[in-house]
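Breakdown of the fold
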Amino acid sequence: MESVDSKLKERTARLSVISNTVLVVLKLVVGFYTGAVSIISEAAHSAVDLLAAVIAFYAVRVADQPPDGNHAYGHGKVENLSGAIEAVLIIVAALWIVYEAGTKLTSTYAPEYLEYGIAIMILSIVLNYFVSNKLYKVAKQ
C-alpha cells in the first residue's frame, strides 16, 4: 500500500511534468511565431526541465518500493541517480544555449511581436515560482 508521502510526491512530480509540458509548447509556439531565438532557447531549457521532471516522476515511484532480495536497503538511491541525470541534462542544455547564442551574434534578424515573448516569459516566471515552491515544500517533508 502506498503511503500518503509517496502519493504526495507522485502528485507533485506530476504537477511539475504538466507545468513543464505547457511551458515547452507555449514557448515553442511563441518562439517560432516571433522568431526570437532566446524564447526558443528557453523552450529547449524547459524541455530539459520536462525530461528531468519525467525522470523524477518515475524515480519517486521506484524509490518508494520496499526492500527486496536484490535491494536489501530499498530503492531510495534511485532518487540520487535521478538528480545526477538531471544535472547532466542541465549542463547539456546550457552548452547548447551558449552555442546557439554564439551563432546568432552575427545575425542581423530582429524578432517581431516581442510583447508575446514578454508575456510568455512572465507566465513562465509565475508558473515556475508556484511549482518550485510546491516542490520545495514536498522535498522538505
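Details of the structure are given in the entry above.
These numbers were taken from a predicted model, which means no experiment stands behind them.

Rules of the game
- Residues numbered from 1 in each chain as written.
- Predicted model: local features only at pLDDT ≥ 70, side-chain atom pairs only at ≥ 80, totals over all residues.
- Heavy atoms only, no water.
- Helix = DSSP H or I, 4+ residues; strand = E, 2+ residues; numbered from the N terminus.
- Buried < 20%, exposed > 50% of the residue type's maximum accessible area, 1.4 Å probe, protein only.
- Contact = heavy atoms within 4.5 Å.
- Areas by Shrake-Rupley, 256 points an atom, 1.4 Å probe, with all protein chains shown as cover.
- 1 Å grid on protein atoms, 1.4 Å probe; cavity = no way out; pocket = protein on both sides within 12 Å on 5 of 7 lines; lining within 4 Å.
- Points joined across faces, edges and corners; volume = space filled by probe spheres on them.
- Nonpolar A, V, L, I, M, F, W, Y, C, P; charged D, E, K, R; others polar.
- Patch = residues over 30% accessible without salt bridge, like charges linked within 9 Å, V, L, I, M, F, W, Y side chains within 5 Å.
- Salt bridge = Lys/Arg side-chain N within 4 Å of Asp/Glu carboxyl O.
- Phe/Tyr/Trp six-rings, centres within 6.5 Å; stacked < 30°, edge-to-face > 60°.

**Describing the overall build of the protein chain**
Along the backbone of the protein chain there are 4 helices and 0 strands. Of the regular secondary structure in the protein chain, the N- to C-terminal order runs α-α-α-α. Looking at the protein chain as a whole, 28% of its 141 residues qualify as buried. Considering only intrachain contacts with a sequence separation of at least 6, the fraction spanning at least 24 residues in the protein chain is 72%. Only carbon and sulfur atoms are counted for the fraction: they give 68% of the accessible area of the protein chain, which is about 9400 Å².

**Looking at the layout of surface pockets**
Its boundaries defined by the atoms lining it, the largest pocket holds a volume of some 550 Å³. Forming the walls of the largest pocket are 24 residues, and the residues nearest its centre are Ser16, Ala53, Ala56, Glu86 and Leu135. Only α1 (4–34), α2 (37–63), α3 (77–104) and α4 (114–140) provide two or more residues apiece to the lining of the largest pocket. Looking at the lining of the largest pocket, its residues break down into 13 nonpolar, 7 polar and 4 charged.

**Here's the deal with a nonpolar patch on the surface**
Judged by side-chain polarity, Leu114, Ile118, Ile122, Val126, Tyr129 and Phe130 come together as a nonpolar surface patch covering roughly 620 Å² of accessible area. Looking at where Leu114 falls in the secondary structure, it is placed in helix α4.

**A word on the packing of aromatic side chains**
Evaluation of the coordinates by the stated rule reveals 4 aromatic pairs. Centroid distance Tyr33 to Tyr116: 5.7 Å. Interplanar angle 70°. Geometry classified as edge-to-face. Taken as a pair, Tyr33 in helix α1 and Tyr116 in helix α4 lie far apart in primary sequence, 83 residues in all. Aromatic pair Tyr113 and Tyr116: ring centres 6.1 Å apart, planes at 40°, arrangement tilted.

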